[in-house]
Amino acid sequence: MAERAMKALVLETAGGPESAVLRDEPLPTPRAGEIRVALKASSLNHRELWICRGQYPNMKLPCILGADGAGVVAEIGPNVDPALKGREVVLYPGLHWGADPRFPSKSFALLGVPLPGTIAEAICVPAENAFAKPKGLSFAEAAALPTAALTAWRGLFGKGGLERGDRLLVTGIGGGVATFALMFGVAAGADVYVTSGSEETLAKAAALGAKAGFIYREAGWRKALQQASGGVNVVFDGAPTTGLPEYSRALAMGARIVIYGSTGGVNMTMAAPDFFLRHATIFGTAMGDLTDFAAMLRFVEEHGLRPVIEKTYRLDQAKDALLHLEGAHGIGKIVIEH
């Protein structure tokens, strides 16, 4: 009997997004404790661009790209509850976080390098990785959540301790993680301030509830932030190389700075008194565990949040989606419908 095949976006060599190829791959069979999900949608993160350029650790090529996905449980493996079959689910994008909730184990790995990814017609994952799709969300909206929303959730609430009434600064609004941070902050009752390089993006952020926005290329934006906010309690920053020296002087006493990325460079410069005299704390964060993921999905459902989707592509346009993310990306997530 011929082996059943599926379509998948595969990175064969690390030569940029152009190296990704939509091709036939064997349809995976679930092992003990696993399910096979017929994927209805996936979404992109900048992680896929770094992988395509060979800038990600533990790369094993060729590999199916994509960490985020949602779909329907199509088949169950041994030792899995048969009732899961037919369920509409969204997938937790990692395996082997480990026993310590504070940080992942050395074995922690993500879908879409080093593990097979979600930009495909199907994927096999442990049954515990499948969570009920939040009520009211389409498959495309659910697929926009996993990596970005999880990172924003854990960073804001698990690390930053964000509370109602806090003044939150989200830098570089536009990317998926930052956009979720803005939405979560507004829903939690914080006053949210944002930075961007684009007036158009700031206008869209204001429509999502941002109290004020600042062009980070303009001299004096830190003073404007200080005047508007009276000092920020929490900073959520994915590009600290340029922003940190500016906003560090607009921190309130006891401020918490959460850094989740290094867009724009890896080295940070800071004036030590800006931090120790304000009793500020800097946290690093990335992703989250299964408990974080469940809490994030509950929050999304309870507050009726809908992910911002900038543009949608078909599976046979997946490479075009990658190129759009690399070149013309605005605000929100890029989603691939299968």
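Anyway, here's the lowdown on the structure attached to this text.

Cut-offs used in this document
- Counting restarts for each chain, with residues numbered from 1 along the sequence as it is written.
- Where local features are concerned, this predicted model is filtered to residues with pLDDT of at least 70; where side-chain atom pairs are given and counted, the filter is 80 or more; whole-chain, interface and lining totals use all residues.
- Side-chain calculation: all heavy atoms of the structure are included, whereas hydrogens and water are not.
- Here the rule is simple: two strands pair whenever DSSP picks up at least two bridges between them.
- Secondary structure is summarised from DSSP: a helix means a run of H or I of at least four residues, a strand means a run of E of at least two, and numbering begins at the N terminus for each.
- A pairing counts as a salt bridge when a side-chain nitrogen of Lys or Arg comes within 4 Å of a carboxyl oxygen of Asp or Glu.
- Burial classes follow relative accessibility: with a 1.4 Å probe on protein chains only, a residue under 20% of its type's maximum area counts as buried, one over 50% as exposed, and anything between as partly exposed.
- Two N or O atoms form a polar contact when they lie within 3.5 Å of each other; inside protein one atom must be a possible hydrogen donor and the other a possible acceptor, and for residues adjacent in sequence the pair counts only when both atoms belong to side chains.
- In what follows, residue pairs with any heavy atoms lying within 4.5 Å of each other are defined as contacts.

### Overview of the sheet that holds strand 2 (residues 20-26)
With antiparallel pairing, the three strands of this open sheet are ordered in space as 2-1-4. Because the sheet does not close on itself, it has two edges, and the strands there are strand 2 and strand 4 (63-64). Taken together, the seven bridges between strand 1 (residues 5-11) and strand 2 define a ladder with antiparallel strand orientation. Counterpart to Val-10 in the pairing with strand 2 is Val-21.

### Some points on the pattern of salt bridges
Counted by the stated rule, this structure contains 16 salt bridges. For Lys-7, the salt bridge identified is with Asp-24, shortest N-O distance 3.0 Å. One end of the pair, Lys-7, is in strand 1; the other, Asp-24, is in strand 2, with 17 residues separating them in the sequence. Assessed through its relative accessible area of 36%, Lys-7 is described here as partly exposed.

### Thoughts on the side chain of Asp-166
Following the sequence through the fold, Asp-166 ends up in the loop between helix 3 (146-159) and strand 11 (167-170). Within the local environment of Asp-166, its side chain forms a polar contact with the backbone nitrogen of Glu-163, the two atoms lying 2.9 Å apart. With residues near it in sequence (within four places) discarded, Asp-166 still touches Gly-161, Ala-190, Asp-191, Asn-233, Val-234 and Arg-256.

### Topic: the environment of Ala-206
One can find Ala-206 in helix 5 (residues 199-207). Taking relative accessible area as the criterion, Ala-206 reaches 43% and is therefore assigned partly exposed. Along the chain, Ala-206 and Gly-254 lie 48 residues apart, while their C-alpha atoms are 27 Å from each other.

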